[in-house]
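Examining the three-dimensional arrangement
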Amino acid sequence: MRTERNRWSLAARALSLAAFALATAAQAQQPAQARKAPEPTPAQVQAREILMRMAAYLGGAEKFSVNLRAGYDAVQKNGQKIEFNEARSITLARPDKLRVEGERSDGAKTLVVFDGKEITLLDAAQNVYAVGAQPGSIDDSVVHFVRDLGMRLPLAVMLMSRLPAELEARVKSIDYVEKTAIFGAPAHHLAARGDGVDMQVWVADGDKPVPLRVVITYLKSPGQPQFRAQFADWNLAPAIGDATFNAQVPAGAQKLPFAAELSRAARTVRKAPATKGAKK
């Protein structure tokens, strides 16, 4: 059976900043002055406090490393869902350094490195790489990588220092589901809603409120596909050496421009005025 990994465009965007950030929930069609939001229950207040504590903890961390295993549904033309998987190892050091190593379920390996000056993307399966100038913070680089270059970056918003502001602005509805130890440690199971997006997150209990699992459901996409990620090996004091944020491009790898750069160059050429009377 031929499966289609790329048909589900939201699968690519699920790991990006725009897809992960939950938008405002749609409200009933009635005059604004007649609407009054119900007071949150104690459980809902608790859920939001836990979510924001997680956001503040991650957003304020000077450095961390974590491994995750993710899966996403690719909805086929016949409506069947096929799950594809990938593993990621993330190392972050604020304000401007990030390394993300990835391996897809078909064995393809990728590497993304921000070193404060450049972004490097290496595709080991194709033996190609791209490099782009990008001075600035991790926040700046993540936005540029996802929005401007059109690249995938799993759960990118969770890597940003402004994570608390993003969640505070976007999450309009949240509930406390239960406390569980199913993942090996006590955790709070939360369920949030947004415009066409549902999100569940399991946050570790205690003084290190890191996420242990995330599930995102895309309600407006055909088949309502999901993205799932399981986190492991959180380390808030990882050993970082000189080679950590070195992309280490292998000998013989072909350098290519980012696809978005090619598109911009093509548009520039098309818009350039023709030169009259040019001599050959």
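In the block above lies the structure referred to throughout.
Note that the structure is predicted; figures quoted are calculated from it, not measured.

With that settled, consider the overall build of the protein chain. Helix and strand content of the protein chain: 6 helices and 12 strands. Out of the 280 residues in the protein chain, the part that is buried amounts to 44%. In the protein chain, the proportion of contacts linking residues at least 24 apart, taken out of those at least 6 apart, comes to 55%. Accessible surface, the protein chain as shown: approximately 15200 Å² in total, 51% of it carbon and sulfur.

Counting residues in hydrophobic clusters, the biggest one holds 60 residues, and the most contacted among them are Phe145 and Leu190. By residue number, the principal contributor to this core is helix 3 (residues 42-60), which donates 7 residues. Setting aside residues no more than four positions away along its own chain, Leu190 makes contact with Ala47, Ile50, Leu51, Ile174, Asp175, Tyr176, Val177, Met199, Gln200, Val201 and Val203. Formed by 8 residues, the second largest nonpolar core is a distinct cluster that contains Leu111, Tyr129, Ala247 and Ala253.

Thresholds, definitions, all that
- Residues numbered from 1 in each chain as written.
- Predicted model: local features only at pLDDT ≥ 70, side-chain atom pairs only at ≥ 80, totals over all residues.
- Heavy atoms only, no water.
- Helix = DSSP H or I, 4+ residues; strand = E, 2+ residues; numbered from the N terminus.
- Buried < 20%, exposed > 50% of the residue type's maximum accessible area, 1.4 Å probe, protein only.
- Contact = heavy atoms within 4.5 Å.
- Areas by Shrake-Rupley, 256 points an atom, 1.4 Å probe, with all protein chains shown as cover.
- Core = buried A, V, L, I, M, F, W, Y, C linked by side-chain atoms within 4.5 Å.

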